[in-house]
Amino acid sequence: MNCKVYSKEGKEVRTMVLNDNVFGLPVNEDLIWYAINNELANRRIGSASTKGRAEVHGSNARPYKQKGTGRARRGDKKSPILVGGGTIFGPKPRDFSYSMPKKAKRLALKSILSLKAQSDMLKIIEDFSIESGKTKDLAALLKNFDPGLRTVIILKDDDPKIKRAAANIPWVKYLSYNRLEAHELFYGRQVIMLETAAKNLNDFYGNEGAEK
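A few points on the structure. (Residues numbered from 1 in each chain as written. Predicted model: local features only at pLDDT ≥ 70, side-chain atom pairs only at ≥ 80, totals over all residues. Heavy atoms only, no water.)

What to know about the sheet that holds strand β6 (residues 190–194)
Read from one edge to the other, the open sheet built from 6 strands follows the order β2-β1-β3-β6-β4-β5, with strand pairing classed as mixed. Taken across any chain shown, the strands that pair with only one partner, and hence form the sheet edges, are β2 (12–17) and β5 (172–176). On average, each strand axis in the sheet is inclined to that of its neighbour by 30°, with strand direction left out of account. Bridge analysis of strand β4 (residues 151–155) against β5 gives 5 bridges, and the strand direction is parallel. (Pairing = 2+ DSSP bridges. Helix = DSSP H or I, 4+ residues; strand = E, 2+ residues; numbered from the N terminus. Axes fitted to C-alpha atoms, helices over the stretch in contact; angles between N-to-C directions.)

Concerning the packing of helix α2 (residues 29–43) against helix α3 (residues 102–118)
For any two helices packed against each other, one specifies the crossing angle of their axes together with the interaxial distance. At a minimum axis distance of 9 Å, the contact between α2 and α3 shows a crossing angle of 115°. Taken together, α2 and α3 sit at an angle that is classed as roughly perpendicular. Crossing of α2 over α3 shows left-handed handedness. Mapping the contact onto sequence places Leu31, Ile32, Ala35 and Glu39 in α2 and Ala104, Lys105, Leu107, Ala108, Ser111 and Ile112 in α3. Residues of the contact of α2 with α3, tallied by class, amount to 7 nonpolar, 1 polar and 2 charged. (Parallel < 35°, antiparallel > 145°, perpendicular 65-115°, else oblique. Left-handed = near helix turned anticlockwise from the far one by under 90°. Contact = heavy atoms within 4.5 Å. Nonpolar A, V, L, I, M, F, W, Y, C, P; charged D, E, K, R; others polar.)

Observations regarding α3
For the α-helix, the turn length of 3.6 residues means that residues three or four positions removed from each other point alike. In this model α3 runs 24 Å from its N-terminal to its C-terminal C-alpha over 17 residues, within 8% of the 24 Å that 1.5 Å per residue would give. Buried within α3 we find Ala104, Lys105, Leu107, Ala108, Leu109, Lys110, Ser111, Ile112, Leu113, Ser114, Lys116 and Ala117. (Expected span 1.5 Å × (residues − 1). Buried < 20%, exposed > 50% of the residue type's maximum accessible area, 1.4 Å probe, protein only.)

Re the packing of aromatic side chains
Any two aromatic rings considered together are summarised by their centre-to-centre distance and by the angle between their planes. Applying the stated criterion to the full structure yields 5 aromatic pairs. Between the aromatic rings of tyrosine 34 and tyrosine 98, the centroid separation amounts to 6.3 Å while the plane-to-plane angle is 15°, which identifies the pairing as stacked. Taken together, the residues tyrosine 34 in helix α2 and tyrosine 98 in the loop between α2 and α3 connect sequence positions 64 residues apart. Overall, tyrosine 34 belongs to the partly exposed group, its relative accessible area being 30%. (Phe/Tyr/Trp six-rings, centres within 6.5 Å; stacked < 30°, edge-to-face > 60°.)

A closer look at the side chain of serine 114
Considering the arrangement of structural elements, one finds serine 114 in helix α3. When sequence neighbours within four positions are dropped, the list of residues in contact with serine 114 reads Val22, Phe23, Gly24 and Leu25.

Section: helix α7 (residues 195–204)
Along α7, the positions that sit buried rather than exposed are Glu195, Ala197, Ala198, Leu201 and Asn202. Down the axis, α7 shows its buried residues gathered within 160° of arc, on one side only. (Arc of directions from axis to C-beta.)

Re the pattern of salt bridges
Going through the model one piece at a time under the given rule, you end up with 12 salt bridges. A salt bridge links lysine 105 to glutamate 39; its shortest N-O distance comes to 2.6 Å. Highlighted residues: lysine 105 in helix α3 and glutamate 39 in helix α2, separated in sequence by 66 residues. For the residue pair lysine 105 and glutamate 39, the accessibility class agrees, reading buried in each case. Salt-bridge contacts for aspartate 76 lead to arginine 53; the nearest nitrogen and oxygen are separated by 3.7 Å. Taken as a pair, aspartate 76 in the loop between α2 and α3 and arginine 53 in the loop between α2 and α3 lie far apart in primary sequence, 23 residues in all. Looking at arginine 53, the relative accessible area reads 39%, which means it is partly exposed. (Salt bridge = Lys/Arg side-chain N within 4 Å of Asp/Glu carboxyl O.)

What follows is the structure, given as structure tokens:
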């Protein structure tokens with residue numbers, strides 16, 4: 001498929017061919033959902049912890065005698081039904097992460113790239129860098145491309161200047177072409193991709209062939 005290439009000023013300068021095995025696949029919604037939930041699960045810390053009956057500080061003695069009071073039989077003060085007692089079936093530290101098949105993960109990312117390309121939410125821009133590393137310079141550049149929308153910039157490499165400039169813009173995220181994230185990519189309202197990053201993705205994912 002053909003896609004327009006824009007200059008930093010937002011003007012169309014030429015077109016480039018995108019690999020249909022990366023940007024022209026049918027969108028697999030189920031696989032996208034699976035990939036996003038996998039990433040969110042792997043981010044969970046799982047540090048929530050509560051104390052059970054055996055861990056609560058307190059006496060093991062009964063609060064009053066078993067018989068003769070006319071009241072219900074009562075165990076110790078650490079009973080879960082008393083204020084300050086232990087928690088019944090409360091959370092304990094656990095690992096929520098799980099692995100996803102590599103081929104499935106890649107196909108999910110290609111489905112998202114295809115979705116963005118087919119929905120006209122993908123813009124390819126000539127390679128640029130923010131030499132000053134200043135946020136205002138990147139913000140001035142992004143004014144030419146629907147500023148304010150949740151934007152994902154796909155870099156051709158780990159450019160520290162662009163990363164530094166984008167760090168203070170809350171609606172801008174950045175990803176390297178070889179370390180894409182399904183969650184950020186899917187929820188971006190516009191995806192700005194450097195021209196070299198698009199070429200790299202053509203080769204990085206395109207050589208795998210079309211997967212159904």
